[in-house]
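Chains, contacts and geometry: an overview
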Amino acid sequence: MRPSPFGTILATIVLAGTLFVAARPAGPLPALGPLLDPVRGVWSNSWLSSMPASEGVVLPGMTAETRVVYDDRAVPHIFASNTEDAYRALGYAVARDRLFQIELQGRAGAGTLTALVGPAALPVDRDTRRSGMPRAAENRLKLLDQTSPQFRLMQAYVDGANAYIGALAPAQYPIEYKLLGHAPKKLTVLDVMHLFNRMGATLASSRNEFEHLAASSRVGRAAADALFPVHSPIVEPIEPSGLSAPRLDATFIPPPGPPDSSSYAMLQSSGRNGGDWRALNFNYPDNLTGEVGTTAEAIRSFVAGSSRSDDAVGSNNWAVSPWRSAGSRAILAGDPHLELTLPSIWYEVHLVVADSLDVYGVTIPGLPGVVIGFSQAAAWTFTNTGADVMDYYVETVDDSVSPTRYALDGTWRPIERREEKFWGPYGKLLQVDTLRFNHRGPIRKVGSRWISTRWTVLEATRDYEAFDAAARATSASELLDVMAMSYRAPAQNILAADTGGNIAIRSTGRFPLRPGDGRGDHLRDGSMSSSDWVGDWPVADYPQSLNPTQGFLASANQEPFDPVFQPRYFGANWERPWRAIRINTLLQADSSITPDRMRQFQADPGSARADVFVPAFIAASAATTEAGNGDARASQAANLLGEWDRRYTLDNRRAVLFEEAMRQLARRLWDELTPDPGDSTAFDIALPSDMMIAALMADPSNVWWDDRRTPRTEQRDQLLSAVLASSLDSTIKRYGNPDSDKWIWSNVRHANIRHLLGIAAFSRLEIPVPGGSGTLWPSTGNGGHGPSWRMVVELSTPRKAWAIYPGGQSGDPLSPRYDDRIAKWAKGELDTLRLPRSADALSAPQRTAEMRLLPAGRQ
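Bear in mind the structure is a predicted one, so any value in this text is a computation, not a measurement.

1. Quick word on the overall build of the protein chain
Within the protein chain, the secondary structure is distributed over 24 helices and 33 strands. By residue count, 64% of the 859 residues in the protein chain fall in the buried class. Of the roughly 28700 Å² that the protein chain leaves accessible, carbon and sulfur atoms contribute 53%.

2. Thoughts on the nonpolar core
Counting 139 residues, the largest nonpolar core has Trp346 and Leu479 as the members making the most contacts within it. With 13 residues, helix 3 (residues 83-110) is the single largest residue contributor to this core. Of all hydrophobic cores here, the second largest spans 56 residues; its members include Ala224, Ala226, Ala610 and Trp743.

3. Concerning helix 10 (residues 209-219)
Helical periodicity: at 3.6 residues per turn, an α-helix aligns residues three or four positions apart in one direction. Helix 10 sits mainly inside the fold: 10 of its 11 residues count as buried. Along helix 10, the positions that sit buried rather than exposed are Glu209, Phe210, Glu211, His212, Leu213, Ala214, Ala215, Ser216, Ser217 and Val219. Positive phi shows up at Gly220, right after helix 10, with a value of about 90°.

4. Quick look at the pattern of salt bridges
Within the structure shown, the criterion is met by 62 salt bridges. Note that Asp391 and Arg514 form a salt bridge whose closest N and O atoms lie 2.6 Å from each other. Taken as a pair, Asp391 in strand 13 (residues 390-395) and Arg514 in the loop between strand 22 (512-513) and strand 23 (524-525) lie far apart in primary sequence, 123 residues in all. Classification of Arg514 as buried rests on a relative accessible area of 8%. A salt bridge links Arg847 to Glu850, with the nearest nitrogen and oxygen atoms 2.8 Å apart. Since its relative accessible area comes to 25%, Arg847 is described here as partly exposed. Among the residues examined, Glu850 registers a relative accessible area of 8% and is labelled buried.

5. As for the packing of aromatic side chains
Using the criterion set out here, one finds 21 aromatic pairs in the structure. Measuring from centroid to centroid gives 4.7 Å for Phe511 and Phe570, while their planes differ by 50°, and the two rings are tilted. Of this pair, Phe511 sits in the loop between strand 21 (503-508) and strand 22 while Phe570 is found in the loop between strand 26 (552-555) and helix 17 (578-588), placing the two residues 59 residues apart along the sequence. Across this residue pair, the class does not change: Phe511 and Phe570 are buried. A centroid spacing of 5.5 Å and a plane angle of 70° characterise the contact between Phe561 and Phe570, whose relative ring orientation is edge-to-face. Assigned by exposure class, Phe561 and Phe570 land together as buried.

6. Quick notes on unusual backbone geometry
In this model, Leu342 is joined to Pro343 through a cis peptide bond whose omega is -5°. Tracing the sequence through the fold places Pro343 in the loop between strand 8 (341-342) and strand 9 (347-353). Geometrically, the link from Ala489 to Pro490 is a cis peptide bond, its omega value of 0° lying close to zero. Structurally, Pro490 can be placed in the loop between helix 16 (476-486) and strand 20 (492-498). For Ala74, which is not glycine, the phi torsion reads 70° and is therefore positive. Assignment of secondary structure puts Ala74 in the loop between strand 2 (66-71) and strand 3 (76-80). For Arg646, which is not glycine, the phi torsion reads 65° and is therefore positive.

7. A closer look at the packing of helix 19 (residues 608-626) against helix 21 (residues 655-669)
The N-to-C vectors of helix 19 and helix 21 enclose an angle of 80°; their axes lie 11 Å apart at closest approach. Viewed along their axes, helix 19 and helix 21 adopt a mutual orientation that is roughly perpendicular. For the pair helix 19 and helix 21, contact is made by Arg609, Ala610, Phe613, Val614 and Phe617 and by Phe658, Glu659, Ala661, Met662 and Leu665, respectively. Here the residues of the contact of helix 19 with helix 21 are counted per class, giving 8 nonpolar, no polar and 2 charged.

8. A short note on the pairing of strand 18 (residues 442-446)
Of all 5 residues making up strand 18, 4 are buried, and the element is well covered by its neighbours. As judged from the 2 bridges shared by strand 17 (residues 429-437) and strand 18, these two strands associate in the antiparallel manner. By the bridge assignment for strand 18, Arg436 is matched with Ile443. Where strand 18 meets strand 19 (residues 449-455), 4 bridges bridge the pair, whose relative direction is antiparallel.

9. Description of the sheet that holds strand 16 (residues 416-423)
Ordered in space as 16-17-18-19-13-23, the 6 strands form an open sheet in which the pairing is mixed. Of all the strands in the sheet, the pair left with one neighbour each is strand 16 and strand 23. In terms of strand pairing, strand 13 meets strand 19 through 6 bridges, oriented antiparallel. Across the sheet, the residue bridging to Met390 is Trp455, located in strand 19. Along the sheet, helix 6 (residues 133-142) makes contact with strand 16, strand 17 and strand 19, crossing strand 16 at roughly 110°.

10. Some details on the side chain of Arg654
Relative to the helices and strands, Arg654 resides in the loop between helix 20 (632-642) and helix 21. For Arg654, a relative accessible area of 7% puts it in the buried group. Excluding residues within four positions of it along the chain, Arg654 makes contact with Leu640, Leu641, Glu643, Trp644, Pro738, Asp739 and Trp743.

11. Focus: the confidence of the model for the protein chain
A residue-level look at the protein chain finds 87% of positions with pLDDT of 70 or above and a mean pLDDT of 88. A low-confidence stretch, residues 1-44 stays under pLDDT 50, and its non-local contacts, those more than four residues away or across chains, total 154 contacts.

12. Brief notes about a nonpolar patch on the surface
A contiguous nonpolar patch, built from Trp423, Leu429 and Val432 and spanning about 260 Å² of accessible area, is present on the exposed surface. Relative to the helices and strands, Leu429 is located in strand 17.

Definitions and cut-offs
- Residues numbered from 1 in each chain as written.
- Predicted model: local features only at pLDDT ≥ 70, side-chain atom pairs only at ≥ 80, totals over all residues.
- Heavy atoms only, no water.
- Helix = DSSP H or I, 4+ residues; strand = E, 2+ residues; numbered from the N terminus.
- Buried < 20%, exposed > 50% of the residue type's maximum accessible area, 1.4 Å probe, protein only.
- Areas by Shrake-Rupley, 256 points an atom, 1.4 Å probe, with all protein chains shown as cover.
- Core = buried A, V, L, I, M, F, W, Y, C linked by side-chain atoms within 4.5 Å.
- Salt bridge = Lys/Arg side-chain N within 4 Å of Asp/Glu carboxyl O.
- Phe/Tyr/Trp six-rings, centres within 6.5 Å; stacked < 30°, edge-to-face > 60°.
- Axes fitted to C-alpha atoms, helices over the stretch in contact; angles between N-to-C directions.
- Parallel < 35°, antiparallel > 145°, perpendicular 65-115°, else oblique.
- Contact = heavy atoms within 4.5 Å.
- Nonpolar A, V, L, I, M, F, W, Y, C, P; charged D, E, K, R; others polar.
- Pairing = 2+ DSSP bridges.
- pLDDT = per-residue confidence, 0-100.
- Patch = residues over 30% accessible without salt bridge, like charges linked within 9 Å, V, L, I, M, F, W, Y side chains within 5 Å.

Here is the structure:
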């Protein structure tokens, strides 16, 4: 699955350590003495760190005794006589371990974080509400039949969580509440809807039309179209098309042309650097202005780490058919890359209802059901599609300052107005906003124009049905079909395998059909209804495959179609294909795959990206030397890269040089897109991906290779050689001699798993991990994103599974279960999962505690 680039479920709520300081301007922080009180202070949370061997709890609404058996990994195995009781027990168990996280996530989706943490969260809350998510959640709830089975399951989950909250004494509140001076808020079904929308916002891909406008304003539309293309020049599709190796399609990138004046005028009206345009995309790093000083900077820094250029936010999944596995069984691997937080965004659970349900996997705290997992019959997992599911429209309004109507097909229509109030922790009114909506969605002022947004996430209705239906599917194809019936957003590539030996994949969600050329990466005229979506793609046309002849399926956020066979617009400016190329290479090379090999693939440090660019750098240095204009420093750098096996292992000493070379290459190659120093009229522009650099390699004389800031005219080899020399200099300046231990990758690149409030003592930082940009274990940016849940399932009878996530089941920093999985995760290891069929099936060493949840009147 991919943040939209998103960030993750929590992308807009991690305040990078500043919330603790800035959260409570209306009152003092708790005095140190009370916080350390052994009865009511933070240490009183130690009661949550362990459970009694057996505990009976009366749970209102429970119809029969439900047993919750905790195994030696602190996973609750819930055995219930009916599904509602199972979900009620799930709500109770998750609240017990992750109560603060549940509330924080619900508030993130509702835009009410200020009520918990104060004005520091105001920019995040304002943007959440401006995006239309709270309104969409309310509309979703209105459409839900409260007598339906789906509503009853959600209500049972909410009731279970609230039963736990209601029984808490203040001394038992999670530590975060004590630090903030708050009591837990009870959960509602609307909070569940907010969380569904938050999940959609995190994982839905949105194409920011600003990038295309900005590039056009600088180098013309033709060049912008080529640099941010509709189709990937390197073809490695999700839907198999008969390719045995990646294909590089001939790609001509025209020279920079004259700036497009209309694009420039549009941008100029939006303010310096297109800030108002970027604000339309609430996950964009520049969408938060410096309204609250350092806190806004911290938020912006984090969200920037979620941007699409950082493929640590991407995901991997793959499956092999029985004839390619050593055990003659289908095997599935899931590896979603999301934000790394403590506690983790995932919570591991097992639900069993006699004769109707047996599902194991991970849930998102606050969301009923298993999101990724497996049943007795099938297993499933997700990656983000990257499809374009959001469009922008330039609206004609009756008043440029405070419009009440918008024009559509020559007539005026009323604009819906909605007043939003933002409250602080002590009931102080912090802000009042007036939001506007038309039939497409929210309307926001961008400079002198009013722009509306249409987004599938705001129109999804029945997604809550999908996960329960998936858990009951009896085959891979049925699982994909039941998901397609109700699941709309965020668009995901769902991969499935079953005990019958079938493997299947489908890009699932709602994919809009657009009029005209069908493209969604340009602004549309909102004054005409003919600009609106004309329907949705039929499921039969989705990217998909069932039991391909190659014997495996894989997705890693790359373009799902081969454009030769499906040229229609599905999205643009796709994720780089390096991870997809690497996993397909590994799968093709092994026809006797074991579950442990799948585990090794998840942590594989090989790099298809380095395989392309390292030889190119070395060849360029040799070519310039042979031509008599070589550089000794470039030759030295080339020799150093030649020593590298192009694997991002912990002990390698050359990845640091390669990464610096790639950074400098992008900056010097795309210098035409970079504003001149001191040019106050220019707009910052996102640079094309290194996939476009790879495509340009086949055109060594293209004018783009010339660095216009140097006196000579460079072609490909001259620029690559110059980059090598400069990169060696800068790397030595920063890390010392090439033999220095400072060049060792484990001293350079780390994972950083931060507490939800950024509290350093509750975080686990600077964890050495293998992998780098474009590897199957992507490690980029600030280290705050990466593999969030690794799972391998062998679809045998009985089923076998292995998994891990970087954290622990408990959200209590004092619990030994808070971070007990991180060490194994950092080594690429997986735990063997316990899969009992009954409450008494676990052996004594495998079980640590049991809760018996009883109906009222029983003890």
